[in-house]
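Architecture and fold: a report
The lines below spell out each chain.
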Number of protein chains: 2
Amino acid sequence: MTTHTSGPATDRVRVRRRAERASYDQDLVREILDEALLCRVAFVDDGRPYVLPTLHTRQGDTLYFHGSQQNRMLDRMLGEPICVEATVVDSLVLGRSVFQNSMNYRSVVVLGTGHEIVDRDAKLAAMLALVDRLMPGRGPELRPLTEAELGSTRIIAVPLDECSAKVRTGPPVDREADYDLPVWAGELPLRIVPGTPVPEPHLTPGIEPRDNLVSWGSGRSGV
Amino acid sequence: MTTHTSGPATDRVRVRRRAERASYDQDLVREILDEALLCRVAFVDDGRPYVLPTLHTRQGDTLYFHGSQQNRMLDRMLGEPICVEATVVDSLVLGRSVFQNSMNYRSVVVLGTGHEIVDRDAKLAAMLALVDRLMPGRGPELRPLTEAELGSTRIIAVPLDECSAKVRTGPPVDREADYDLPVWAGELPLRIVPGTPVPEPHLTPGIEPRDNLVSWGSGRSGV
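Identification of chain A as Pyridoxamine 5'-phosphate oxidase family protein from Nonomuraea guangzhouensis is taken from an unreviewed UniProt entry.

Here it is, written out as structure tokens:
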């Protein structure tokens, strides 16, 4: 069910509940981060915890976040402890009792702190990686960033130094005494599919969406 | 794009970035919480923020969380400030420039603290609500909870007193100068669909999944 390639980087990031589902395999961490559509960033402000959803990209062992220069969350990520979480849900897990209902999932938690990327080319690369993640291959078709747009954008990097994954796979774990109950049990896989593209109102007539839009997510599993 | 029915309950929960997307409408908050497959709970432990994914249910103006009696997150939710976040992604928003790539989403942030539900019937009701949320109509088919199972389960309630929603809808907002670029722009709706049910290995031959499995999510929009 899980792979243990090494232990946690720190005790803080050690998986506590159901440690048999834990992994500290960096390849698995990267894979989950790349598949998750969004992630969440938790930070402390005035002693209280906050968590907000945000887009992320990963390059090597670094996560990148972007936003406006006025973004409070990005500000709070700098030099202070934060926690990033990303989860892909693979299936509903439906047992035969009220007690055995769950999900199969792959989840990552990253502890660390952010630092700002100020190098112009590195900022450009992070923004292009974001586009490529949302819609692979679309970057070269787009009007490049202006210097003003780049200047108004803040990029924060978080290293993947202290992270853990947690994975549940497989069927529900019913009591043997429940096996004969006359109710279906098993896994219901879930995935994301695209609907019909909605053109922007000013779109020049005759411009059709490319195949990468229509087939979006075809290589994906999970939600 | 958004509805302002009233202001935020506190300044802490006021939406800071893009306040024009904010809403403090309790009906909208409820709708988003009910649609989101998972939520995230952020808490502070030893001065550091943590965020974990978890299943939730809502009844009236209360959120319910469940887990084992040993669950650290549930423990940290009691009497301490926490933040709950839930987001539904409705579409990718694809503009004509690298600067205009986003998502349409509906997001909720709840601030507050948890209290434990100890009443036996209230615990049962919360567990049944969880099953009903995962798979509507499945509860009555299942073997009920035993007293031991109920005793090993902790239910934490969080009131929806201090919450806000943030919603983005509509097309990308490109510069007029970009309208004539020869690239498709618009929204790509996303939704969750079920795959082929995978029977639990001990399933009695002849038991087929019910229609509510095969049609799971047919009323859903978003991810």
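From this point on, the discussion continues.
Along the chain, R72 of chain B falls in helix α2 (residues 72–77). Look at R72 of chain B and you get buried, because its relative accessible area is 13%. If near-sequence neighbours (up to four positions away) are discounted, R72 of chain B is found in contact with R16 and R17 of chain A together with F43, D45 and Y50 of chain B.

The next point concerns the environment of P144 of chain A. Among the secondary structure elements, P144 of chain A is positioned in the loop between α3 (120–134) and α4 (147–151). Relative accessible area serves as the criterion here: at 56%, P144 of chain A is assigned to the exposed category. Taking the C-alpha atoms as reference, P144 of chain A lies 9.2 Å from L124 of chain A; in sequence the two are 20 residues apart. Excluding anything up to four places from it in sequence, P144 of chain A contacts E149 of chain A together with V98 of chain B.

Think of it as a corkscrew move, a rotation about one axis and a shift along it, taking one chain copy to the other. At an RMSD of 0.0 Å, chain A and chain B line up after a rotation of 180° and a shift of 0.0 Å along the axis. Overall, the copies show the geometry of a two-fold rotation axis. Residue I192 of chain A of chain A places its C-alpha closer to the rotation axis than any other residue of that unit, at 2.3 Å.

With that out of the way, let us pick up the interface of chain A and chain B. Contact residues are listed per partner, giving 92 residues for chain A and 92 residues for chain B. Interface of chain A and chain B: buried area, both sides summed, is about 8400 Å²; carbon and sulfur atoms make up 67% of it. Counting across the chain A and chain B interface gives six salt bridges. One salt bridge in this structure joins E85 of chain B and R40 of chain A, with 2.9 Å as the shortest N-O distance. Linking chain A with chain B are 26 residue pairs in polar contact (both at pLDDT 80 or more), by the criterion used here. Listed by contribution, the elements that provide at least two residues to the side of chain A that touches chain B are β2 (39–45), β3 (48–54), β6 (82–94), β7 (101–112), α3, β11 (186–194) and β12 (198–199) of chain A. If one sorts the elements of the side of chain A that touches chain B by residue count, β11 of chain A sits on top with nine residues. Across two bridges, β12 of chain A lies against strand β11 (residues 186–194) of chain B in antiparallel orientation. Each bridged residue has a counterpart across the sheet, and for P199 of chain A the counterpart in β11 of chain B is G186 of chain B.

Parameters and conventions
- Residues numbered from 1 in each chain as written.
- Chains lettered and ligands numbered in written order.
- Predicted model: local features only at pLDDT ≥ 70, side-chain atom pairs only at ≥ 80, totals over all residues.
- Heavy atoms only, no water.
- Helix = DSSP H or I, 4+ residues; strand = E, 2+ residues; numbered from the N terminus.
- Buried < 20%, exposed > 50% of the residue type's maximum accessible area, 1.4 Å probe, protein only.
- Contact = heavy atoms within 4.5 Å.
- Least-squares fit on C-alpha atoms with pLDDT ≥ 70 in both.
- Buried area = accessible area lost by both parts, 1.4 Å probe.
- Salt bridge = Lys/Arg side-chain N within 4 Å of Asp/Glu carboxyl O.
- Polar contact = N/O pair within 3.5 Å; in protein donor to acceptor, adjacent residues only side chain to side chain.
- Pairing = 2+ DSSP bridges.

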